[in-house]
Structure formats: structure tokens, C-alpha cells
Amino acid sequence: MKQFSSIPETAEYLRNERNQGLTIGFVPTMGALHEGHLDLIRRSKRENDLTVCSIFVNPIQFNNKEDLAKYPRSLARDSILLEESGCDLVFAPEAEEMYPDQEPASLNLSFGMLDKVMEGKFRPGHFNGVAIVVKKLFDIVQPTCAYFGKKDYQQLAIIRYMVNTLGLPVKLIPCETIRDADGLAMSSRNARLTVKERSLAPEIYAVLLQVKKAAGNMNVNELKEWAINKLQEHTGFRVEYFEIGDKDSLMPLADWDNKNKAVAFIAVFLGDVRLIDNVELFL
Ligand code: AMP
């Protein structure tokens with residue numbers, strides 16, 4: 001497995017591979033890898049000649065400095081996991097390599113309503129930072145296919161919008177959320193949970209599954225209220241939002257008229273760790 005930190009070196013290596021007709025699958029990550037990431041790597045490997053993973057904790061997508069400072073970093077361990085999963089190239093740049101002169105802060109992209117709700121509402125500037133880094137990474141890697149987890153459902157919608165509006169020549173592949181045996185969606189942030197918090201955390205998915213069962217039978221607003229109360233019955237949980245939205249526009253649904261497109265989304269603090277999850281209700 002190759003490991004590069006320089007943009008020109010990575011771009012040139014991949015240009016040569018592409019010129020030989022090889023297809024490139026790309027998995028952008030922020031590292032602290034877990035089975036969720038490795039599932040994307042393995043899928044890319046099955047579907048492409050070469051698999052590239054980037055590891056970059058993107059400072060401009062963090063609206064909270066403390067979250068950025070506490071974000072787990074484990075490049076040496078990540079490299080071993082990637083090598084074992086059959087990844088061909090890791091691109092792990094420093095921030096100065098990606099953002100000389102802090103130039104990207106001035107770039108403001110428009111995503112219609114997609115970045116106004118849920119994560120966009122509670123993490124101002126987050127998706128602008130995500131889109132900037134993903135566009136930059138796409139330019140460097142020029143992948144045939146790029147793999148993103150539905151765990152970050154809104155992120156996927158934003159990137160799909162960017163790819164469509166800019167006409168980027170990459171095929172986006174949405175991948176199912178990988179969970180621990182007890183249902184907790186895998187996340188690099190789970191490592192920051194205390195033992196007590198970790199034992200409570202599966203309740204998030206349990207509530208989402210109950211919502212899926214009750215959807216259609218209960219009024220949307222009542223169901224939302226029920227879900228929030230159910231989680232907050234447990235001390236330690238603070239729900240930031242619980243929303244039922246359209247899978248494409250992400251706009252909140254007021255009734256079940258488009259129930260085949262309904263997705264339940266949640267962001268919740270457990271102690272000071274912020275976790276997100278979602279479940280497609282009718283698909
Ligand atoms: P991150 O390193 O958290 O930025 O995630 C990198 C990629 O892995 C994103 O496309 C995420 O949606 C995806 N991902 C993270 N956690 C999971 C998971 N539990 N299951 C599937 N994909 C995931």
C-alpha cells in the first residue's frame with residue numbers, strides 16, 4: 001500500500017494509473033477508522049481496480065474548536081487496518097498541504113435548503129467546509145466512484161447536489177450504516193463515550209426502530225415528541241433535533257403523504273459527545 005501526504009505526488013501517481021485504464025474507487029475519511037469505514041473500502045475494492053482512502057481531519061468543517069481538538073487521531077493504526085483491507089493508496093495530508101494561505105474560508109457554496117436544516121442548522125458552516133474539502137479531494141484523486149456512508153445522510157445529499165450542479169465526473173455510491181451488535185451506529189466519536197454512556201448509546205437506534213414501527217399510525221408531530229421524550233427519559237441524553245424528513249430534499253414532513261420517502265434523523269448529546277443517526281422509515 002502506498003502512503004502519500006503530498007498533493008502533487010498523489011495526483012501524479014493516480015494520473016499514471018488512470019492513463020493505464022484503471023478505475024479508481026475513493027473513500028474520503030477523517031481517520032480513527034472502524035468497520036464502517038472498512039466496509040466502504042472493501043466495497044470499493046470489489047468494484048474498482050484501485051482503492052484510495054484519504055485521511056484528513058478537515059479543520060474547516062468543525063464549527064466547534066473543542067470537537068476538532070478532541071477528534072481522535074490514529075494514523076499508524078489506520079494504515080495497518082487499511083493495508084489489511086486491501087486499500088492501495090492512503091492520502092494523508094497535513095492541513096497546510098490542503099489549505100495553504102487559508103484560502104478556502106472565502107468560498108461560499110450554495111446548497112438550496114439542504115444545508116439549512118438539521119446538521120446545517122446546528123453546525124453553521126459545516127457543510128460548506130465538507131463540500132470544499134470533498135471537491136478538493138475529488139480534484140486530486142479524480143475517482144471513478146466515491147463511497148459515502150448513509151450514516152451521514154445529509155452529507156451525502158449535499159455531495160450529491162454538488163456533483164450534480166458542478167457536473168463532476170464521479171459516480172457516488174451510498175453505503176448502508178454499519179452498526180455494533182447492539183445497534184449503535186459505528187462512529188469515531190464512540191471512542192469518547194464513558195463506559196456508562198456507551199451502555200446507554202444503543203437506545204438511540206432502539207428508539208429509531210420504534211419510530212419506524214409506529215410511523216404511519218401516529219401523527220408525525222406526536223411521533224417526534226414521543227421519540228424525544230423516550231430518549232430523554234434516560235439521564236445523560238440531550239436531543240439536539242429529531243426530525244422526519246424527505247430523503248431527497250431533507251425537508252421536514254408534516255404528514256405521511258410521502259411516506260415512501262420518509263427518513264427519521266436524530267442528533268443527540270450523550271455527555272459531551274454528539275452522535276447522529278438515521279433510519280429510512282419506509283424503504
Ligand atoms: P468520517 O471519517 O466520519 O468522516 O466518515 C468517512 C466516511 O465513512 C463517510 O462517508 C461516512 O458516512 C462513512 N461512515 C462513517 N461511519 C459509518 C458507519 N457506521 N457505517 C457506514 N459508513 C460510515
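Residues numbered from 1 in each chain as written. Predicted model: local features only at pLDDT ≥ 70, side-chain atom pairs only at ≥ 80, totals over all residues. Heavy atoms only, no water.

Description of the overall build of the protein chain
Inference 1: When helices and strands are tallied, the protein chain shows eleven helices and nine strands.
Inference 2: Compactness check: the protein chain gives a C-alpha radius of gyration of 19 Å against a globular reference of 19 Å for 283 residues, within 12% of the reference.
Inference 3: Its C-alpha atoms put the protein chain at 55 × 40 × 40 Å along the principal axes.
Inference 4: In the protein chain, which comprises 283 residues, the proportion classed as buried is 53%. (Helix = DSSP H or I, 4+ residues; strand = E, 2+ residues; numbered from the N terminus. Rg over C-alpha atoms; globule rule 2.2 N^0.38 Å. Buried < 20%, exposed > 50% of the residue type's maximum accessible area, 1.4 Å probe, protein only.)

As for the domain arrangement of the protein chain
Inference 1: Segmentation of the protein chain into domains returns domain 1 (2-175) and domain 2 (188-278).
Inference 2: Placing a centre on the C-alpha atoms of domain 1 and another on those of domain 2 gives a separation of 26 Å.
Inference 3: Counting residues at the interface gives 23 residues for domain 1 and 18 residues for domain 2.
Inference 4: Approximately 1800 Å² of surface area, both sides summed, lies buried where domain 1 meets domain 2, with 58% of it carried by carbon and sulfur atoms.
Inference 5: The largest per-residue losses of area from domain 1 upon contact with domain 2 belong to M118, F122 and Y153, which jointly make up 34% of the total buried on that side.
Inference 6: Seen at the junction of domain 1 and domain 2, the total is four salt bridges.
Inference 7: A salt bridge links D272 to K70; its shortest N-O distance comes to 3.4 Å.
Inference 8: Viewed at the interface, domain 2 and domain 1 are joined by nine residue pairs in polar contact (both at pLDDT 80 or more).
Inference 9: Among the elements of the structure, helix 3 (65-70), helix 6 (119-122) and helix 8 (153-166) are those that each provide at least two residues to the side of domain 1 that touches domain 2. (Domains from an automatic or database assignment. Contact = heavy atoms within 4.5 Å. Buried area = accessible area lost by both parts, 1.4 Å probe. Salt bridge = Lys/Arg side-chain N within 4 Å of Asp/Glu carboxyl O. Polar contact = N/O pair within 3.5 Å; in protein donor to acceptor, adjacent residues only side chain to side chain.)

Some remarks on the site of the ligand
Inference 1: With respect to spatial proximity, 17 residues lie near the ligand, and among them M30, H37, D152, I178 and M186 are the closest.
Inference 2: The backbone of I178 places a nitrogen or oxygen atom 2.8 Å from a nitrogen atom of the ligand.
Inference 3: At 2.9 Å, a backbone N or O of M186 approaches a nitrogen atom of the ligand.
Inference 4: Protein chains bury 93% of the 490 Å² of accessible surface belonging to the ligand in isolation.
Inference 5: If one sorts the elements of the shell around the ligand by residue count, helix 2 (residues 35-47) sits on top with three residues.
Inference 6: Class assignment for the residues of the shell around the ligand results in seven nonpolar, seven polar and three charged. (Near = heavy atom within 4 Å. Areas by Shrake-Rupley, 256 points an atom, 1.4 Å probe, with all protein chains shown as cover. Nonpolar A, V, L, I, M, F, W, Y, C, P; charged D, E, K, R; others polar.)

Observations regarding the layout of surface pockets
Inference 1: Quantified by volume, the second largest pocket comes out at close to 290 Å³.
Inference 2: Surrounding the second largest pocket, 18 residues form its lining, I55, F56, V57, R73 and P93 being those nearest its centre. (1 Å grid on protein atoms, 1.4 Å probe; cavity = no way out; pocket = protein on both sides within 12 Å on 5 of 7 lines; lining within 4 Å. Points joined across faces, edges and corners; volume = space filled by probe spheres on them.)

Quick look at the sheet that holds strand 1 (residues 2-4)
Inference 1: Spatially, the six strands line up as an open sheet ordered 1-4-3-2-5-6, and their pairing is parallel. Since the sheet does not close on itself, it has two edges, and those belong to strand 1 and strand 6 (171-175), each with one partner. Across the sheet, the mean angle from the axis of one strand to that of its neighbour is 25°, orientation sign disregarded.
Inference 2: Relative to strand 5 (residues 145-149), strand 2 (residues 24-29) runs parallel, the two being bridged by two bridges. Counterpart to G25 in the pairing with strand 5 is C145.
Inference 3: Together, strand 1, strand 2, strand 3 (50-55) and strand 4 (89-91) form the strand contacts of helix 1 (residues 7-19), whose direction differs from that of strand 4 by roughly 150°. (Pairing = 2+ DSSP bridges. Axes fitted to C-alpha atoms, helices over the stretch in contact; angles between N-to-C directions.)

So, the packing of aromatic side chains
Inference 1: A complete count under the given rule lists nine aromatic pairs for this structure.
Inference 2: With 5.7 Å between their ring centres and 75° between their planes, F62 and Y71 make a pair best called edge-to-face. Of the two residues examined, F62 and Y71, each falls in the buried class.
Inference 3: Among the aromatic residues, ring-to-ring pairing joins F26, F138 and F148 into one connected group.
Inference 4: Sitting over the ring of Y205, R179 keeps its end group 3.5 Å from the ring centre. (Phe/Tyr/Trp six-rings, centres within 6.5 Å; stacked < 30°, edge-to-face > 60°. Lys NZ or Arg CZ within 6 Å of the ring centre and 35° of its normal.)

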